[in-house]
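Listed here are the chains, written in short residue letters.
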Amino acid sequence: MNSKPNLKRRLLMGWLGLSPLTLLASKMPKLEKEDSSIADILINRWEKSRSYTMAVLDAMPLEDLEFRPSPEQMSFAQHFLHIGYTNNMFLGVLKDEKTYADFNVLKDAPFFFDLPDPVSVFNADSLQKRSPEENKAMIVAYLNETFDYVLANLKGLKDDFLKEGREKVKPWYLEGHTHLDLILRAENHTVHHRAQAVSYLRMKGIQPPGYSKHNTL
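Let me begin by describing the structure that accompanies this report. (Residues numbered from 1 in each chain as written. Predicted model: local features only at pLDDT ≥ 70, side-chain atom pairs only at ≥ 80, totals over all residues. Heavy atoms only, no water.)

Below, the discussion takes up the overall build of the protein. From N to C terminus, the protein includes eight helices and zero strands. Ordered by position in the sequence, the α and β elements of the protein form the string α-α-α-α-α-α-α-α. The 217 residues of the protein split such that 41% are buried. The contacts of the protein with a sequence gap of at least 6 include a subset with a gap of at least 24, amounting to 72%. (Helix = DSSP H or I, 4+ residues; strand = E, 2+ residues; numbered from the N terminus. Buried < 20%, exposed > 50% of the residue type's maximum accessible area, 1.4 Å probe, protein only. Contact = heavy atoms within 4.5 Å.)

Turning to the side chain of His-214, a few remarks are in order. Examined against the element boundaries, His-214 turns out to sit in helix α8 (residues 211–215). In this structure the side chain of His-214 is engaged in a polar contact, spanning 3.3 Å, whose partner is the side chain of Ser-51. Each residue touching His-214, except ones within four places of it in the same chain, is listed here: Lys-48, Ser-51, Tyr-52, Ala-55 and Pro-209. (Polar contact = N/O pair within 3.5 Å; in protein donor to acceptor, adjacent residues only side chain to side chain.)

The geometry of helix α3 (residues 76–95) relative to helix α7 (residues 179–203) is characterised by a closest axis approach of 9 Å and an angle of 180 degrees between their N-to-C directions. It follows from the interaxial angle that α3 and α7 lie roughly antiparallel. Taken together, the residues of the contact of α3 with α7 sort by class into 13 nonpolar, nine polar and two charged. (Axes fitted to C-alpha atoms, helices over the stretch in contact; angles between N-to-C directions. Parallel < 35°, antiparallel > 145°, perpendicular 65-115°, else oblique. Nonpolar A, V, L, I, M, F, W, Y, C, P; charged D, E, K, R; others polar.)

Don't take any of this as a statement about function, it's just geometry.
Structural data, given as structure tokens:
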């Protein structure tokens, strides 16, 4: 019995089945340019992070900026000041040629922007007495300043440089971090506190901004 016609038929059917998929794949946009550096990819991700962080902040009504689920927790507003301060710290450690063996020395580093309010960015505390509008404007300005700092310092970083930094002296909680680790750690920290802010919105019955809407490429 001659099976060659059946074999040819199967091959033809297989080719016809794959052709639409091949055509579709050829038309799909690439997620990243082939010549994109790691820094280019990081910058894109941080720009998305900034947009989403600002959207979450903006979703809370002005009168609830100081909302906290319990006395021991940071307020909604504090989480955003904490995000800005910590991003400032991680990128400062990365770019500063000096070394900082512990946090007591690090907190006085010259790369830190002045906090716009004496509120603690580590322990539960309250903003100074101002109008909600003034406090919101203050937080937005500080966040923008610190995100600008991150993005400015990411520009032009070489892939080889991102692999370096492991042996640089740092506080214990950053020991062994490469430059890339510091950047990824900062973004992870931003996500951690932004997620808490999202849960605060839920507790107030507010629909948070859509995650995918602000994070697609």
